[in-house]
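Residue-level listing of the chains:
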Amino acid sequence: MKRKQRVFFAALTLSFGLLSCQSPAKQPGIEQQNWGKLPDGRTVELYKLTSTTGLEVEISNFGGLIKSINAPDKKGEKKNVVLGFDSIEPYLKERNFFGALIGRYGNRIAKGQFTLNDSTFQLSVNDGANHLHGGTNGFDQKLWKAEPINTPGAPALKLTYFSEDGEEGYPGNLNVTVVYTLEKDSLKIEYTATTDKATPINLTNHSFYNLGGEGLILDHILTINAGHYTPVNSELIPTGEILPVEGTPFDFTEPHEIGARIDQVPGGYDHNFVLNENEGEGLNFAARLEDPQSGRTMEIYTEEPGLQFYSGNFLDGHLRSGDFVFEKYAGLCLETQHFPDSPNHNNFPSTILEPGETYNTKTVMVFGVNK
């Protein structure tokens, strides 16, 4: 899969001075701690990255998951703005995708099947009759090799994983690297991969955001830079159509409260939005999320052509962190991606990575405050 390389402009975070977290500067860096063990005895690590502005992000080498993002509100009070747990045990007890790296293929592939170079491949199915988020034992379930990088002013965590030919039914030996970098008020995720056989790939991060740090996200205000979306059938598989959002509850081209029209979408939002093409250099603006109560904001920039907006429809309240019960609409996902089921739709951007090519894509989340 050949992707147009864009220059990542170094002044990204500087251009959002008005969005600055405004918290007292702390010594940036990265800390490591033991976070428990897997059933097979392997040790799980947790890494805490702190930026020069005091933004704090915790990431584990298990599933590459983001455990927490501690960001200040308009009063300077910090709260974790992603759904997660204090210990590793809830992640091991039940697969929930909270904060996890998703692969080889984020989102769904119909019936777990696709044809490539005249060969039909059958992937594992784990979402009814379909393949979801890499299958029964995707990248979110793997223990990644971690390398902390304590670059002055921009601590980073490099994660690598080798996915063998045939894993979950995918062709090709795949070498994957994901680097999380925290700089000022921005968290950058850069994904890189190579393969020795043609294979679909669609990597993303599955964090559930709640900028209030508690309660529901229905009063969050969302903007998505997308004039079109891909409709889905009853199994949330794209029909293949690409339709305009204008005049529908999918129109977030102007800021809208998430709960304002959610009743018009059966089951809630769980749809891929076709991002408008970037008109200039640098990463493309994808979305902006605001919490009116706390004043916290998040903007997303990416090289990906799509964004999956999921409103937490399947959260049912049986999971919690402290007093925060993860009920329906307790968090939302904004997953930068290629489109769901792309291997089965020739009119969608290709997700096929060929031998000799390098998959490389970046996404940046910029956190701030509305005073």
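Keep in mind that this is a model prediction, so the values were computed, not measured. (Residues numbered from 1 in each chain as written. Predicted model: local features only at pLDDT ≥ 70, side-chain atom pairs only at ≥ 80, totals over all residues. Heavy atoms only, no water.)

Caption draft 1: Structural context of the overall build of the chain. A tally of regular secondary structure across the chain gives one helix and 29 strands. Relative to the globule expectation of 21 Å for 371 residues, the C-alpha radius of gyration of the chain, 19 Å, shows essentially globular dimensions. In terms of overall dimensions, the chain has C-alpha extents of about 60 × 50 × 45 Å along its principal axes. Across the 371 residues that make up the chain, the buried fraction comes to 58%. Put simply, the chain shows about 14,800 Å² of open surface, and 48% of that area lies on carbon and sulfur atoms. Counting 31 positive and 47 negative side-chain charges, the chain places the averaged centre of each group 5 Å from the other. (Helix = DSSP H or I, 4+ residues; strand = E, 2+ residues; numbered from the N terminus. Rg over C-alpha atoms; globule rule 2.2 N^0.38 Å. Buried < 20%, exposed > 50% of the residue type's maximum accessible area, 1.4 Å probe, protein only. Areas by Shrake-Rupley, 256 points an atom, 1.4 Å probe, with all protein chains shown as cover. Lys, Arg positive; Asp, Glu negative; His and termini not counted. Charge placed at Lys NZ, Arg CZ, Asp CG, Glu CD.)

Caption draft 2: Up close: unusual backbone geometry. Cis geometry marks the peptide bond from Gly103 to Arg104, where omega comes out at 0 degrees. Tracing the chain through its elements places Arg104 in the loop between strand 6 (101–102) and strand 7 (108–109). Phi at Asp118 is positive, roughly 70 degrees, even though this residue is not glycine. Along the chain, the position of Asp118 falls in the loop between strand 8 (113–116) and strand 9 (119–122). Not every positive phi belongs to a glycine, and Asp341 is a case in point at roughly 55 degrees. Inspection of the secondary structure puts Asp341 in the loop between strand 27 (333–337) and strand 28 (352–353).

Caption draft 3: Quick look at the nonpolar core. Counting 58 residues, the largest nonpolar core has Ile69, Tyr180, Ile224, Phe273, Met298 and Phe309 as its most contacted members. If we skip the residues at most four places from it in the chain, Phe309 touches Leu222, Ile224, Phe252, Ile258, Tyr269, Asp270, His271, Phe273, Leu332, Cys333 and Leu334. In terms of nonpolar packing, the next biggest core, distinct from the first, is built from 23 residues, Val44, Leu65, Ala100 and Phe324 among them. (Core = buried A, V, L, I, M, F, W, Y, C linked by side-chain atoms within 4.5 Å. Contact = heavy atoms within 4.5 Å.)

Caption draft 4: Spotlight on the confidence of the model for the chain. Predicted confidence across the chain gives a mean pLDDT of 93, with 93% of residues reaching 70 or more. Counted against residues more than four places away or in other chains, residues 1–25, with its pLDDT under 50, gives 63 contacts. (pLDDT = per-residue confidence, 0-100.)

Caption draft 5: Layout of the sheet that holds strand 3 (residues 56–60). Sheet architecture is open: five strands sit in the order 1-2-3-4-5, paired in antiparallel fashion. The two strands at the open ends of the sheet, each matched to only one other strand, are strand 1 (29–37) and strand 5 (78–80). Within the sheet, the average angular offset between the axes of one strand and its neighbour, ignoring direction, is 15 degrees. (Pairing = 2+ DSSP bridges. Axes fitted to C-alpha atoms, helices over the stretch in contact; angles between N-to-C directions.)

Caption draft 6: Just the sheet that holds strand 19 (residues 243–244), in detail. Across the sheet, five strands lie side by side as 19-18-21-24-27; this open sheet has antiparallel pairing. This sheet does not close on itself; its edge strands, each paired only once, are strand 19 and strand 27. Across two bridges, the pairing between strand 18 (residues 226–230) and strand 19 is antiparallel. Opposite Tyr229, over in strand 19, you have Leu243 as the bridge partner.

Caption draft 7: Region of the structure containing the packing of aromatic side chains. The final tally for this structure, using the stated rule, is 23 aromatic pairs. Ring geometry for Phe114 against Phe121: centres 5.3 Å apart, planes inclined by 20 degrees, an arrangement best described as stacked. A residue is classified by how much of its surface remains accessible, and Phe121, at 21% relative accessible area, is partly exposed. The interplanar angle of 85 degrees and the centroid separation of 5.9 Å between the aromatic rings of Phe250 and Tyr269 together place this pair among those described as edge-to-face. In this pair, Phe250 is assigned in the loop between strand 19 and strand 20 (256–257) and Tyr269 in the loop between strand 20 and strand 21 (270–275), connecting sequence segments 19 residues apart. (Phe/Tyr/Trp six-rings, centres within 6.5 Å; stacked < 30°, edge-to-face > 60°.)

Caption draft 8: Representation of the side chain of Asn205 within the structure. Looking at where Asn205 falls in the secondary structure, it is placed in strand 16 (residues 204–205). Within the structure, the side chain of Asn205 is placed 3.0 Å from the backbone oxygen of Gly99, a separation counted as a polar contact. There is a polar contact of 2.7 Å between the side chain of Asn205 and the side chain of Ser207. Excluding anything up to four places from it in sequence, Asn205 contacts Gly64, Ile66, Gly99, Ala100, Leu101, Tyr180, Ile189, Tyr191 and Glu335. (Polar contact = N/O pair within 3.5 Å; in protein donor to acceptor, adjacent residues only side chain to side chain.)

Caption draft 9: Region of the structure containing the environment of His228. With respect to the helices and strands, the residue His228 is situated in strand 18. Its relative accessible area of 34% is what places His228 among the partly exposed residues. Between the alpha carbons of His228 and Tyr310 there is a distance of 16 Å; along the sequence they are 82 residues apart. Sequence-distant contacts of His228, that is, excluding residues within four places in its chain, are made with Ile242, Leu243, Pro244, Val245, Phe273 and Val274.

Caption draft 10: Summary view of the pattern of salt bridges. Following the criterion strictly, the structure yields 13 salt bridges and no others. Residues Lys78 and Glu56 are paired through a salt bridge, measuring 3.6 Å at the closest nitrogen-oxygen approach. Of this pair, Lys78 sits in strand 5 while Glu56 sits in strand 3, and the two are 22 residues apart along the sequence. Taking the relative accessible area as the measure of exposure, Lys78 reaches 27% and is therefore partly exposed. Residues joined in a network through salt bridges with shared partners are Arg108, Asp127 and Asp270. (Salt bridge = Lys/Arg side-chain N within 4 Å of Asp/Glu carboxyl O.)

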